[in-house]
Amino acid sequence: MKKLLIVLQGACLLILLLCQSLAMAASPVSDQAKLLSSPQREALAAKIQQVEAVHKVKIGICTLQNLPQGMSVGKYANNTLDKNYAGGENGSIVLVIAMGSRDWYISTDNNMRARIADETGITGLKNLFLEDLSDGEYEAGFNAFVNGVDKYLSYYEKEGKPYDPADEFDILAAILAVAVAAAGGFFFAYYLICGMSNVAPALEAGKYLRKDTVDINQRQDRYLFTTVTRRTKSKSSDSSSSASDSSHGGGGGKF
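Residues numbered from 1 in each chain as written. Predicted model: local features only at pLDDT ≥ 70, side-chain atom pairs only at ≥ 80, totals over all residues. Heavy atoms only, no water.

## Some details on the overall build of the chain
Thought 1: A tally of helices and strands in the chain yields seven helices and five strands.
Thought 2: Helices and strands in the chain line up, N terminus first, as α-β-α-β-α-β-β-α-α-α-α-β.
Thought 3: Expressed as a percentage of the 255 residues in the chain, the buried residues total 30%.
Thought 4: In the chain, of all internal contacts separated by at least 6 residues, the share reaching a separation of at least 24 is 65%.
Thought 5: Total accessible area on the chain is roughly 17,500 Å²; 57% of this is exposed by carbon and sulfur atoms. (Helix = DSSP H or I, 4+ residues; strand = E, 2+ residues; numbered from the N terminus. Buried < 20%, exposed > 50% of the residue type's maximum accessible area, 1.4 Å probe, protein only. Contact = heavy atoms within 4.5 Å. Areas by Shrake-Rupley, 256 points an atom, 1.4 Å probe, with all protein chains shown as cover.)

Spelled out as structure tokens, the structure:
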């Protein structure tokens, strides 16, 4: 009887651990660094699940304090995607934040890579959330990331190609803006010129000089010394392709 109780207790514990593991794996937000409050995590997770349902993808946000010893943030993000967020019908994407080293990285599988390109797509997403992360506005940054993924996937589904921020550039609007600015500048300059009553043209340059205002008796140039300062050229913190391989896309950097 005692052995039976021990076996039952062990089975219950195993089931409990399995349920906890499944719950953690199913959650789109893993906030180990405790950057969000519980209500913020729940609201963000609900938002992610809505976007996942619309586009049939898997989206994850993972924060941690420190990366495992000797592992790059890109490798960690790829492993996290494969372990916890793989299986999206139209692709999977995960954003990883490492607070200790101030690293961020977006990892995508090949399906998502076709929808959100490594260069234009990842750079576009970065521009949406990076400033918020730098300012410590983590909830706003994570929501901006999710909104960006939703926007880029919607664009792909409508246009049949990855989103490129350059596509939003309107050459006609740019030409019109330049023309308006040039016309405004011309009329403003003309107005200022017309209001200048103390200026008159002269035939000789000497007419512009004010006599007896400067009396230079001696001129001399003396070389003293030269100071040379050398600084090591800093390397870019952007690691947009450091962990890309045949089965993953993405990119990252510092915040």
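## Details of helix α3 (residues 73-85)
Think of an α-helix as 3.6 residues a turn; residues three or four steps apart then line up on the same face.
Thought 1: The set of residues buried in α3 consists of Val73, Gly74, Tyr76, Ala77, Asn78, Thr80, Leu81 and Tyr85.
Thought 2: One or two steps after α3, the chain reaches Gly87, where phi turns positive at roughly 105°.

## What about a negative patch on the surface?
Thought 1: On the surface, Glu131, Asp135, Glu137 and Glu139 cluster together into a patch of negative charge.
Thought 2: Locating Glu137 in the fold gives a position in the loop between α5 (120-134) and α6 (138-159).
Thought 3: Judged by its relative accessible area of 46%, Glu137 falls in the partly exposed class. (Patch = residues over 30% accessible without salt bridge, like charges linked within 9 Å, V, L, I, M, F, W, Y side chains within 5 Å. Salt bridge = Lys/Arg side-chain N within 4 Å of Asp/Glu carboxyl O. Lys, Arg positive; Asp, Glu negative; His and termini not counted. Charge placed at Lys NZ, Arg CZ, Asp CG, Glu CD.)

## Some words on the sheet that holds strand β3 (residues 92-98)
Thought 1: Pairing within the open sheet is mixed, and its five strands lie in the order β1-β2-β3-β4-β5. The outermost strands of the open sheet, each flanked by one partner alone, are β1 (29-31) and β5 (248-254). Neighbouring strand axes in the sheet, compared pairwise and without regard to direction, differ in orientation by 10° on average.
Thought 2: As paired strands, β1 and strand β2 (residues 58-64) are joined by three bridges and run parallel to one another. Note on β2: the bridge partner recorded for Ser30 is Cys62.
Thought 3: Contacting β1 and β2, helix α2 (residues 38-55) runs over the sheet at an angle of about 155° to β2.
Thought 4: Strands in contact with α3 are β1, β2, β3, β4 (103-109) and β5; relative to β4, the strand with the most contacts, it is inclined by about 45°. (Pairing = 2+ DSSP bridges. Axes fitted to C-alpha atoms, helices over the stretch in contact; angles between N-to-C directions.)

## Regarding the packing of aromatic side chains
Thought 1: In the structure shown here, the tally under the stated rule is four aromatic pairs.
Thought 2: Where Trp104 meets Phe129, the ring centres are 5.4 Å apart and the plane angle is 90°; that geometry is what we call edge-to-face. In this pair, Trp104 is assigned in strand β4 and Phe129 in helix α5, connecting sequence segments 25 residues apart. Take Trp104 and Phe129: they sit in the same class, and that class is buried.
Thought 3: Between the aromatic rings of Tyr155 and Tyr163, the centroid separation amounts to 5.1 Å while the plane-to-plane angle is 85°, which identifies the pairing as edge-to-face.
Thought 4: What makes Tyr155 buried here is its relative accessible area of 19%.
Thought 5: Three or more aromatic residues joined by ring pairs form one cluster here, namely Trp104, Phe129 and Phe145. (Phe/Tyr/Trp six-rings, centres within 6.5 Å; stacked < 30°, edge-to-face > 60°.)

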